Amino acid sequence: MNVALSVTTGLALAAAAGFRAFVPLLAAGLAIHLDYVEAAPGFAWLGEPLVLMALAIATLTEIAAYYIPGLDHLLDLVGAPVAIAAGIVAAAGVMVGLPDWLRWFTAIGVGGTVTTTGHALLAIGRAKTGALSGGLGNPLYATGELAGSLALAALALLLPVVAVIAVLAVAAIMISRRRRARPAGPESS
């Protein structure tokens, strides 16, 4: 895999971690284990069977927890650091051909920012969904988040450029919707 594609793959995996922390880590670990992607120096451990088992358990636990009322909101708060760390590790783990300092700078600076932004926006969306539906809409929201994480992680590994374009398109849509939702200021009167 060339450098640009490995960086693109890493950043798309970081974006997927904003939806679910462990899905992209498990996807990256499986891809490394199956020799589909090359592990960055020092990240071959992600593809080890014991690590894959632990990631699978963590993934299933995280998925199940988001279907428990109240716990889903708590996970949005306390799970943010876990999601950010997972996004950074997933990104750094597949970025090959870069000097260590640049790989970590990119994984932390860009990957961490992408994960944080996605996680925060989804937490706000969950809170709004919960408020509007009395919590009844949260399982549907959790299913959408899981689907988003799975799709984005798969795209990151199969079609990384498409994955990044999808992330940018969603960001542009969210920004434009936010701008339209703002109340008119005094200068527009």
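Residues numbered from 1 in each chain as written. Predicted model: local features only at pLDDT ≥ 70, side-chain atom pairs only at ≥ 80, totals over all residues. Heavy atoms only, no water.

(A) Structural context of the overall build of the protein chain. Looking only at helices and strands, the protein chain has 8 helices and 0 strands in total. When the elements of the protein chain are put in sequence order from the N terminus, they spell out α-α-α-α-α-α-α-α. Relative to the globule expectation of 16 Å for 189 residues, the C-alpha radius of gyration of the protein chain, 17 Å, shows essentially globular dimensions. Projected onto its principal axes, the C-alpha coordinates of the protein chain cover approximately 55 × 40 × 25 Å. By residue count, 42% of the 189 residues in the protein chain fall in the buried class. Within the protein chain, residue pairs in contact and separated by at least 24 positions form 74% of the contacts whose partners lie at least 6 positions apart. Measuring between centres, the 9 positive side-chain charges of the protein chain sit 17 Å from its 9 negative side-chain charges. (Helix = DSSP H or I, 4+ residues; strand = E, 2+ residues; numbered from the N terminus. Rg over C-alpha atoms; globule rule 2.2 N^0.38 Å. Buried < 20%, exposed > 50% of the residue type's maximum accessible area, 1.4 Å probe, protein only. Contact = heavy atoms within 4.5 Å. Lys, Arg positive; Asp, Glu negative; His and termini not counted. Charge placed at Lys NZ, Arg CZ, Asp CG, Glu CD.)

(B) Quick look at the environment of V37. For V37, the position within the fold is in the loop between α2 (22–33) and α3 (49–65). A relative accessible area of 7% places V37 in the buried class. The spacing of V37 and T9 is 28 residues in sequence and 9.6 Å in space, taken between C-alpha atoms.

(C) Expanded view of unusual backbone geometry. The phi angle at D35 is positive, at roughly 60°, despite the residue not being glycine. Counting through the fold element by element, D35 comes out in the loop between α2 and α3.

(D) Spatial organisation of α3. Here α3 spans 24 Å end to end across 17 residues, near enough to the 24 Å set by a 1.5 Å rise per residue. Looking at α3, one finds that the buried residues are L52, L55, A58, T59, E62, I63 and A65. One face of α3 carries all of its buried residues, which in axial projection span an arc of 160°. In α3, those exposed residues whose orientation departs by more than 90 degrees from the buried face are P49, L50, M53, I57 and L60. As for α3, its buried residues are in contact with α2, α4 (71–78) and α7 (138–158). (Expected span 1.5 Å × (residues − 1). Arc of directions from axis to C-beta.)

(E) Geometry of the pattern of salt bridges. Under the criterion given, the structure shown has 3 salt bridges. Of the charged contacts in the structure, one is a salt bridge between R20 and E145, with a shortest N-O distance of 3.1 Å. On the criterion of sequence distance, the pair formed by R20 in the loop between α1 (3–17) and α2 and E145 in helix α7 is long-range, its members being 125 residues apart. With its nearest N and O atoms 2.1 Å apart, the salt bridge here joins E145 to R126. (Salt bridge = Lys/Arg side-chain N within 4 Å of Asp/Glu carboxyl O.)

(F) Structural detail: the environment of P24. Along the chain, the position of P24 falls in helix α2. Here P24 falls in the buried class, since its relative accessible area comes to 0%. Residues P24 and A154, 130 residues apart in the sequence, show an inter-C-alpha distance of 8.5 Å. Dropping the residues within four chain positions of it, P24 is found in contact with L13, A16, A17, A90, S149 and A153.

(G) The arrangement of a nonpolar patch on the surface in detail. Taken together, L30, L34, Y36, L158, L159 and V162 make up a surface patch of nonpolar side chains, about 610 Å² in accessible area. Counting through the fold element by element, Y36 comes out in the loop between α2 and α3. Residue classification places Y36 among the partly exposed positions, given a relative accessible area of 48%. (Patch = residues over 30% accessible without salt bridge, like charges linked within 9 Å, V, L, I, M, F, W, Y side chains within 5 Å. Areas by Shrake-Rupley, 256 points an atom, 1.4 Å probe, with all protein chains shown as cover.)

(H) Structural detail: the environment of I84. In this fold, I84 is placed in helix α5 (residues 80–94). Accessibility expressed as a relative area gives 25% for I84, which makes it partly exposed. Separated by 79 residues in sequence, I84 and L5 have C-alpha atoms that sit 21 Å apart. Dropping the residues within four chain positions of it, I84 is found in contact with G112, T115 and T116.

(I) View of the packing of aromatic side chains. Counted under the stated rule, the structure contains 2 aromatic pairs. Seen from their ring centres, F43 and W104 are 5.7 Å apart, and the 45° between their planes marks the pair as tilted. With a gap of 61 residues between them, F43 in the loop between α2 and α3 and W104 in helix α6 (residues 100–133) connect regions that are remote in the sequence. Of the residues examined, F43 reaches a relative accessible area of 5% and is grouped as buried. (Phe/Tyr/Trp six-rings, centres within 6.5 Å; stacked < 30°, edge-to-face > 60°.)

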